[in-house]
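So the chains spell out like this:
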Amino acid sequence: MGSAGLARLQGLFSVYKPPGLKWKHLRDTVELQLLKGLNAGKPPAPKQRVRFLLGPVEGSEEKELTLTATRVPTLIDHPLVRGLAFTSLKVGVGHRLDSQASGVLVLGVGHGRRLLTDMYNAHLTKDYTVRGLLGKATDDFCEDGRLVEKTMYDHVTREKLDRILAVIQGSHQKALVTYSNLDLQTQEAYEMAVSGVIRPMNKSPMLITGIRCLQFAPPEFLLEVQCMHETQKQLRRLVHEIGLELKSTAVCAQVRRTRDGFFTLDDALLRTQWDLPNIQDAIQAAAPRVAAELEKSLRPWLGTQEPPGPGQPWDSKRPCSALGPESHVGH
Amino acid sequence: MLLFLKDLGIEDTQLGPFLTKNYAIFSEDLENLKTRVAYLQSKNFSKADIAQMVRNAPFLLSFSVERLDNRLGFFQKELKLSVKKTRDLVIRLPRLLTGSLEPVKENMKVFRLELGFQQNEIQHMITKIPKMLTANKRKLTETFDYVHNVMRVPHHVIVRFPQVFNTRLFKVKERHLFLDYLGRAQYDPTEPNYISLDKLVSVPDGIFCEGMAKASIQDFEKFLKTL
């Protein structure tokens, strides 16, 4: 029972990290819950062995004890003798989230940890919703940091914000092309640039592939950011810089990851669902999509670009498109 | 020795965990152990009570009579409870007698000075939830800070329902934010549509969603994913 459960427990699944919880604690909690579930299964029937025991023999006249052969269960595999069957599980974490941020966090169990490195090398984009608050500036760009200055924000309008966001997106677009190390003179590179598939496939600073404002109700505003190679601190710094550009100041109230590659909020498991059967189901459900996406990203990019999969409808950004070693061939 | 423990009322299956924790009991004199049990009986602890206490706190019998006496006296003086109430407290949480007294003193100071509870309020809360005496100081202050300042629950309502100090803070936060979002965060007993604190923390998710928030569990989960 235990080993069958372990066999179904190899792969990737995503978890919703609540704010205020460190990712390490989360990983340890998930590991403990999985171990609890695995150890709770019924142990296999104990092996029997034949022992010669002294005992009174029925049906004979003499009352003395004689050796008789009896089957006795061996205690060598008993949990009280050997200890629990499973004492540790290897659980790996994908792109980390710091303690204040919340959202989708990808975890890999057993052989799935290998897929984590593959996912990292596929360099897929991630979606964040970032909530900002105008009028304050703090030293760590968070709402509860040490206050540095307070400003007025009555002059800030939606158009100014949209203009600044467009400028940011434009500058990052240029950076995308430079960091992807593509030779723009080739036909394939031109086609890729036209369809908006260019991404850097190696280390690069934080790059924003798309940013837009969802809600604007001063002093609060909500941004949706699609980016790669980011840290949450850089996103908060981005909010701070947007505030500076608007001739006011802003702090970041909430950073929430809504999508990590191909894991969305719908697949993420909540705290109440961190136990063995739910995680096994999540791994089974995610396995075909994971295999398909990773195979697409490792396959060399063909000349004719087929229509990409479920992409975002705005800004023609395709987060999960194929981008093979073409970019490396380019330089 | 084992027969003596069995006489006290510890079952065969419970002997294993007991001896794992307190194997040093084998080096104690049988006479000393008998005196200690006699002392406890003289303080009007019934046989079943003593068995339960020894089961929960295996080190109880390794303490000398005067040490036990000091401890019981300390609790009686500090908490100013009657003899019967102290007895009930110790039966429920025998760890109080075996653990050190410093954290208990610190927690008493925290209750009085930082959280601002009166002596009778502290007594009431501790008789309901003895665990508060040994709880972590920082967690107590965090929970109280959230419940009092963010949820704006006054002192006397907290005293009536001390279970909030026994639950995890994130649970309280999540449920309160959900109720706030729905506009049903009403903890004042005089207002209509009032939600009692103990039901807020102790009911499982299903009953909480149906009964108090009047929403489905899927809504609660969707809300949790927006936090």
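Residues numbered from 1 in each chain as written. Chains lettered and ligands numbered in written order. Predicted model: local features only at pLDDT ≥ 70, side-chain atom pairs only at ≥ 80, totals over all residues. Heavy atoms only, no water.

> I'm lost on the overall build of chain B in this one. Help?
For chain B, the count of helices and strands is 15 helices and 0 strands. Scaling as 2.2 N^0.38, a compact globule of 227 residues should have a C-alpha radius of gyration of about 17 Å, whereas chain B reaches 22 Å, well beyond that. For chain B, the spread of C-alpha atoms along the principal axes amounts to about 65 × 40 × 25 Å. Burial statistics for chain B: of 227 residues in total, 41% are counted as buried. Considering only contacts in chain B between residues 6 or more positions apart, those separated by 24 or more positions represent 68%. Distance between charge centroids for chain B: 1 Å, based on 35 positive and 26 negative side chains. (Helix = DSSP H or I, 4+ residues; strand = E, 2+ residues; numbered from the N terminus. Rg over C-alpha atoms; globule rule 2.2 N^0.38 Å. Buried < 20%, exposed > 50% of the residue type's maximum accessible area, 1.4 Å probe, protein only. Contact = heavy atoms within 4.5 Å. Lys, Arg positive; Asp, Glu negative; His and termini not counted. Charge placed at Lys NZ, Arg CZ, Asp CG, Glu CD.)

> Can you walk me through the interface of chain A and chain B in this structure?
Interfaces are frequently sized by the accessible area removed from exposure as the parts join. Facing 12 residues of chain A, the contacting portion of chain B comprises 8 residues. On the chain A side of the interface with chain B, the three residues burying the most area are Tyr-16, Leu-270 and Arg-271 of chain A, jointly 53% of the side's total. Run the count over chain A and chain B and you get 1 salt bridge. Between Glu-174 of chain B and Arg-271 of chain A there is a salt bridge whose closest N-O contact spans 3.5 Å. Scanning the region where chain A abuts chain B turns up 7 residue pairs in polar contact (both at pLDDT 80 or more). Its residues placed into classes, the side of chain A that touches chain B shows 5 nonpolar, 4 polar and 3 charged. (Buried area = accessible area lost by both parts, 1.4 Å probe. Salt bridge = Lys/Arg side-chain N within 4 Å of Asp/Glu carboxyl O. Polar contact = N/O pair within 3.5 Å; in protein donor to acceptor, adjacent residues only side chain to side chain. Nonpolar A, V, L, I, M, F, W, Y, C, P; charged D, E, K, R; others polar.)

> Help me understand the environment of Cys-252 of chain A in this model?
All names here are of chain A. As for its placement among the helices and strands, Cys-252 is situated in strand E11 (residues 250–260). Classification of Cys-252 as buried rests on a relative accessible area of 2%. Sequence separation between Cys-252 and Thr-138 is 114 residues, and the spatial gap between their C-alpha atoms is 9.5 Å. Cys-252 has contacts with Val-130, Arg-131, Gly-132, Phe-141, Cys-142, Glu-143, Arg-236 and Val-239, leaving out every residue within four places of it along the chain.

> Would you explain the confidence of the model for chain A in this entry?
If pLDDT is low for a region, its predicted coordinates should not be looked at in detail. For chain A, per-residue confidence averages 82 on the pLDDT scale, and 87% of positions sit at 70 or higher. Confidence drops under pLDDT 50 across residues 302–331 of chain A; counting only partners more than four residues distant or on other chains, this segment forms 62 contacts. (pLDDT = per-residue confidence, 0-100.)

> So what exactly am I meant to see when it comes to the side chain of Thr-249 of chain A here?
Residues and elements named next belong to chain A. Note that Thr-249 resides in the loop between helix H7 (232–245) and E11. When its relative accessible area of 2% is taken as the criterion, Thr-249 is described as buried. Engagement of the side chain of Thr-249 in a polar contact is seen with the backbone oxygen of Lys-136, the distance being 3.4 Å. Engagement of the side chain of Thr-249 in a polar contact is seen with the side chain of Thr-151, the distance being 2.7 Å. Excluding residues within four positions of it along the chain, Thr-249 makes contact with Leu-133, Leu-134, Gly-135, Lys-136, Ala-137, Glu-149, Thr-151, Gly-243 and Leu-244.

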